[in-house]
Amino acid sequence: MKRRADAKKGKPKKKKAFGGRRAKFCKFCVEKALTIDYKDVKTLQAFTPERGKVLPRRTSGVCAAHQRSLVEAIKRARNIALLPFATD
Amino acid sequence: MRRYETIFIASPTLTDEQSDELVKQYEGIIAEQGGELLKTDKWGRKKLAYEVQKFSEGYYTLFEMNAGPDLIAELERRFRNNDVVIKYLSVRMDEADKAAEHAKQRIERESKRKAKAGVKERSPEEVMG
């Protein structure tokens, strides 16, 4: 949101990269996360939209290594009823 | 000794006092079996993400401990034999700690290398907008 407001202030127009979409990035790499905790429901929920499935990497932009530990964490959270297996 | 985290969910039919007592009982078992309890975290009554044995709520309790594999086996056996425990999960954490240590070193190395090469680091706010 903030970024869009800045862009309107008449900065010189840059050539659009990534086909006009904003670049994807791995949230965990940016935050320099060391581990992904299965007890951290709030973070995990961000990667399990409505139906409770795991958000694919091509959508979220999470890097391969972090996606692996993310999936592990989500599965543990499901096991102990912190996250649903499926919802409809 | 390895570091473990064990979570168990007690049935919502218990009162708060009864669930506290249950936690004490399991703390006793851990001590008795030669485990070193690092932390007990009572999350209290929480809604479950799905029904377990027709219950939609439960008392969550987290144990963090240093223990051997035998203790975990014994603890889980007791969870199974106890009807008020509706779900449990044990996770070994020492390997994860080691991996986290490696990740930390890697990140430090990387940022040093970037500083040397004159690549400026972008803050999280900048990247995420």
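Cut-offs applied
- Residues numbered from 1 in each chain as written.
- Chains lettered and ligands numbered in written order.
- Predicted model: local features only at pLDDT ≥ 70, side-chain atom pairs only at ≥ 80, totals over all residues.
- Helix = DSSP H or I, 4+ residues; strand = E, 2+ residues; numbered from the N terminus.
- Buried ≥ 20, exposed ≤ 12 C-beta atoms within 10 Å, placed from the backbone.
- Contact = placed C-beta atoms within 7 Å.
- Rg over C-alpha atoms; globule rule 2.2 N^0.38 Å.
- Pairing = 2+ DSSP bridges.
- Axes fitted to C-alpha atoms, helices over the stretch in contact; angles between N-to-C directions.
- Nonpolar A, V, L, I, M, F, W, Y, C, P; charged D, E, K, R; others polar.
- Expected span 1.5 Å × (residues − 1).
- Core = buried A, V, L, I, M, F, W, Y, C linked by C-beta atoms within 7 Å.
- pLDDT = per-residue confidence, 0-100.
- Arc of directions from axis to C-beta.

1. Description of the overall build of chain A
(1) Moving on: Each helix and strand in chain A was counted, giving 5 helices and 0 strands.
(2) Moving on: Starting at the N terminus and ending at the C terminus, chain A contains elements arranged as α-α-α-α-α.
(3) Moving on: Relative to its full complement of 88 residues, chain A shows a buried share of 20%.
(4) Moving on: Counted over contacts in chain A with a minimum sequence separation of 6, partners at least 24 positions apart contribute 70%.

2. Comments concerning the overall build of chain B
(1) Moving on: Counting its secondary structure elements, chain B contains 4 helices and 4 strands.
(2) Moving on: For chain B, the N- to C-terminal ordering of α and β elements is β-α-β-β-α-β-α-α.
(3) Moving on: Its C-alpha atoms give chain B a radius of gyration of 20 Å, clearly above 14 Å, the size a compact globule of 129 residues would have.
(4) Moving on: By its C-alpha atoms, chain B is 60 × 35 × 20 Å across when sized along the principal axes.

3. Quick notes on the sheet that holds strand β2 (residues 36-52) of chain B
Residue and element names in this part refer to chain B.
(1) Moving on: Read across the open sheet, the 4 strands follow the order β2-β3-β1-β4; overall the sheet is antiparallel. Of all strands in the sheet, those bounded by a partner on one side alone are β2 and β4 (85-92). With strand direction ignored, the average angle separating the axes of adjacent strands in the sheet is 20°.
(2) Moving on: For strand β1 (residues 2-10) and strand β3 (residues 55-67), the ladder comprises 9 bridges, and the chain directions are antiparallel. Each bridged residue has a counterpart across the sheet, and for E5 the counterpart in β3 is E64.

4. Overview of the interface of chain B and chain A
(1) Moving on: Facing the 18 residues of chain B at the interface are 16 residues of chain A.
(2) Moving on: Contributing elements (two or more residues each) for the side of chain B that touches chain A: β1, β2, β4, α3 (94-117) and α4 (124-128) of chain B.
(3) Moving on: Looking at the side of chain B that touches chain A, its residues break down into 15 nonpolar, 1 polar and 2 charged.

5. Some thoughts on α3(B)
Residue and element names in this part refer to chain B.
(1) Moving on: Compared with the 34 Å implied by 1.5 Å per residue over 24 residues, the 35 Å span of α3 between its first and last C-alpha is a close match.
(2) Moving on: Buried residues are scarce in α3, accounting for 0 of its 24 residues.
(3) Moving on: Following α3 by one or two positions, G118 adopts a phi angle in the positive range, close to 80°.

6. Comments concerning the nonpolar core
(1) Moving on: Within the largest apolar cluster, 32 residues are counted, with the highest numbers of intra-cluster contacts made by A73(A), I74(A), A77(A) and I9(B).
(2) Moving on: If you list the elements that add at least two residues to this core, you get α5 (64-79) of chain A together with β1, α1 (16-32), β3, α2 (69-81) and β4 of chain B.
(3) Moving on: In contact with A73(A), not counting residues within four places along its chain, are I36(A), D37(A), Y38(A) and L44(A).

7. Comments concerning the confidence of the model for chain A
(1) Moving on: Taken as a whole, chain A shows an average pLDDT of 83; of its residues, 82% reach a score of 70 or greater.
(2) Moving on: Within chain A, α5(A) carries the highest mean pLDDT (92), whereas helix α1 (residues 2-8) of chain A carries the lowest (54).

8. Examining α2(B)
Residue and element names in this part refer to chain B.
(1) Moving on: Compared with an ideal rise of 1.5 Å per residue, which puts 13 residues at 18 Å, α2 spans 19 Å between its outermost C-alpha atoms and is within 8% of the ideal.
(2) Moving on: Taken as a whole, α2 has its buried residues at L71, I72, L75 and F79. All buried residues of α2 fall inside an arc of 100° around its axis, so they share one side. What points out from α2, more than 90 degrees from its buried face, is the exposed set P69, D70, A73, R77, R80 and N81.
(3) Moving on: Looking at the buried positions of α2, the neighbouring elements they touch are β1, α1, β3 and β4.

9. Concerning the environment of V71(A)
Residues and elements named next belong to chain A.
(1) Moving on: Assignment of secondary structure puts V71 in helix α5.
(2) Moving on: Residue class for V71 comes out partly exposed when judged on the 15 C-beta atoms lying within 10 Å of it.
(3) Moving on: Along the backbone, V71 and V54 are 17 residues apart, and their C-alpha atoms lie at a distance of 7.3 Å.

10. Thoughts on the environment of L22(B)
(1) Moving on: Mapped onto the elements, L22(B) comes out in helix α1.
(2) Moving on: Apart from the residues lying within four places of it in its own chain, the contact partners of L22(B) are A10(B) and V84(B).

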